[in-house]
Amino acid sequence: MNRFRRSRVNILSLLCVAISFAFIQLAVAQESTTPNHRVRLVIHGGAGTITKASMTAEKEKQYYEKLTEALEAGYAVLQKHGTSLDAVETVIRILEDSPLFNAGKGAVFTHEGTNELDASIMDGKTLRAGAVAAVKHVKNPIGLARLVMEKSPHVMLVGDGAEAFGKSQGVEMVPQEYFFTQRRWDQLQTAIEKEKQDSIKKVKGTPADSAEGRHGTVGCVALDEYGNLAAGTSTGGTTNKRFGRVGDSPIIGAGTYANNATCAVSCTGDGEYFIRAVAAHSVSMLMESSGMTVQKAAEKAIETIGRIHGTGGLIALDKNGNFTMPFNTEGMYRGYIDENGKPMVKIYKE
Ligand code: ASP
């Protein structure tokens, strides 16, 4: 009898183990097939004087397609269990390789007719960051910024030094001619002409280039399935810039910021104003110290920019996946992956 009872208990425990195993298998299968709603991806392609009237149907289509491609590529990284840093870098590389944006290939020209590129990236988990400024031969400055973060003890490298570091890391270099686009060249000629006719404005200290012809900086913020935030920004700066001018994009806290405790932010607009307002960090700070939502904090940051007569916008994403994309210009190229995993792209004010 005793023996019979023992073997029944044994059979029952075996059955329990088998059932639990089946359940675990099912859970694993579900995890890898159902989309992970926790991951988030938000991008921008610059803010400025972007109106329907100034756009052709063909141009509009090109922007929609490129921004969609970047969103899909970044989302694929996150879905394949990649990190937010990988997603940010993937997205920005695609936009840097397109002549449509003021970053990488499509960078604007300096007064001297050269191209000087800036980029930065930040890891919200560790608060590590990397940035490069005024590089002239780096095909993808966002990749170099990431290497500064991961392979150097520094946060920011500039000019020739940054390029020497890039070469030591095997980064792809290109001749200056790579960055030539007729559209950006024409914008430089227009800016130089305008400057000649408007020298008083310059004396007053207003940046020579405004929202006109400058937009196209690119940025990305992401939240991965591990709950880590990251942010990145890349730009050619402002048309007709000189004297080694550097804007907010490569400055951690001004153009880019990420902190798992609060949010990830990437800005675009008149760099001088975003630096003075420490815009990206201010969003995080307002959330942390005043308990504001990411929407409210981002709105406040853009309000401050407006108050000091700056224009631009930003994208911000919090640790729970809430995001916002405020701007005080006529338009901002922007997009995100929605709840169903679909890329959504917007250009104009709604
Ligand atoms: N913020 C960039 C800069 O000032 C330009 C832009 O975002 O349009 O360099």
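The structure this text deals with has already been given above.
Residues numbered from 1 in each chain as written. Predicted model: local features only at pLDDT ≥ 70, side-chain atom pairs only at ≥ 80, totals over all residues. Heavy atoms only, no water.

## Some thoughts on the overall build of the protein chain
Inference 1: Counting secondary structure elements, the protein chain contains ten helices and twelve strands.
Inference 2: For the protein chain, with 350 residues in total, the buried portion stands at 53%.
Inference 3: Of all intrachain contacts in the protein chain linking residues separated by at least 6 positions in sequence, the fraction that spans at least 24 positions is 69%.
Inference 4: Within the structure as shown, the protein chain displays about 16,100 Å² of accessible surface, and the carbon and sulfur contribution to it stands at 57%. (Helix = DSSP H or I, 4+ residues; strand = E, 2+ residues; numbered from the N terminus. Buried < 20%, exposed > 50% of the residue type's maximum accessible area, 1.4 Å probe, protein only. Contact = heavy atoms within 4.5 Å. Areas by Shrake-Rupley, 256 points an atom, 1.4 Å probe, with all protein chains shown as cover.)

## Focus: the packing of aromatic side chains
Inference 1: Enumeration over the complete set of coordinates arrives at eight aromatic pairs.
Inference 2: With a centroid separation of 5.4 Å and an interplanar angle of 85 degrees, the aromatic rings of Y63 and F101 are classed as edge-to-face. Here the residue Y63 occupies a position in helix α2 (residues 57–79), and F101 occupies one in the loop between α3 (84–96) and β2 (117–123), the gap between them amounting to 38 residues.
Inference 3: Judged by its relative accessible area of 1%, Y63 is buried.
Inference 4: The exposure class of F101 is buried, given its relative accessible area of 0%.
Inference 5: An aromatic cluster is present here, built from Y63, F101 and Y333 joined pairwise through their rings. (Phe/Tyr/Trp six-rings, centres within 6.5 Å; stacked < 30°, edge-to-face > 60°.)

## Comments concerning the nonpolar core
Inference 1: With 50 residues, the main nonpolar core has L41 and L144 as its most contacted residues.
Inference 2: When residues no more than four places from it in sequence are discounted, the contact partners of L144 are V132, V135, V138, A162, F165, G166 and V171. (Core = buried A, V, L, I, M, F, W, Y, C linked by side-chain atoms within 4.5 Å.)

## Concerning the pairing of strand β6 (residues 229–235)
Inference 1: The buried fraction of β6 is high, at seven of seven residues.
Inference 2: Side chains L229, A231, T233 and T235 of β6 all project onto a buried face; the interleaved residues A230, G232 and S234 project onto the opposite face, where all are buried too.
Inference 3: In the sheet, β2 pairs with β6 via six bridges, with the strands oriented antiparallel. By the bridge assignment, S120 is partnered in β6 with T233.
Inference 4: Of the pairings in the sheet, the one linking strand β5 (residues 218–223) to β6 comprises six bridges and is antiparallel in character. (Pairing = 2+ DSSP bridges.)

## Things to note about the packing of α2 against α3
Inference 1: The geometry of α2 relative to α3 is characterised by a closest axis approach of 8 Å and an angle of 155 degrees between their N-to-C directions. Classified by the angle their axes make, α2 and α3 are roughly antiparallel. Handedness of the α2/α3 crossing: right-handed. Here α2 contributes K66, L67, E69, A70, A73, G74, V77 and L78 to the contact with α3, which in turn contributes S84, D86, A87, T90, V91, I94 and L95.
Inference 2: Taken together, the residues of the contact of α2 with α3 break down into nine nonpolar, three polar and three charged. (Axes fitted to C-alpha atoms, helices over the stretch in contact; angles between N-to-C directions. Parallel < 35°, antiparallel > 145°, perpendicular 65-115°, else oblique. Left-handed = near helix turned anticlockwise from the far one by under 90°. Nonpolar A, V, L, I, M, F, W, Y, C, P; charged D, E, K, R; others polar.)

## Points about the state of the cysteines
Inference 1: In the structure shown here, the tally under the stated rule is zero disulfides.
Inference 2: Free of any disulfide, C263 has its nearest neighbouring cysteine sulfur in C267, separated by 9.9 Å. (Disulfide = S-S within 2.5 Å.)

## Topic: the sheet that holds β2
Inference 1: Pairing is mixed in the open sheet, where eight strands are placed in the order β4-β3-β2-β6-β5-β1-β11-β12. The open sheet has two free edges, formed respectively by β4 (156–158) and β12 (343–348), since each of these has just one partner strand. Between one strand axis and the next, the sheet turns by 10 degrees as a mean value, whatever way the strands run.
Inference 2: Of the pairings in the sheet, the one linking strand β1 (residues 40–48) to strand β11 (residues 331–337) comprises five bridges and is antiparallel in character. Bridging across to β11, G48 finds its partner in G331.
Inference 3: This element, α2, spans β1, β5, β11 and β12 of the sheet and lies at about 145 degrees to β12.

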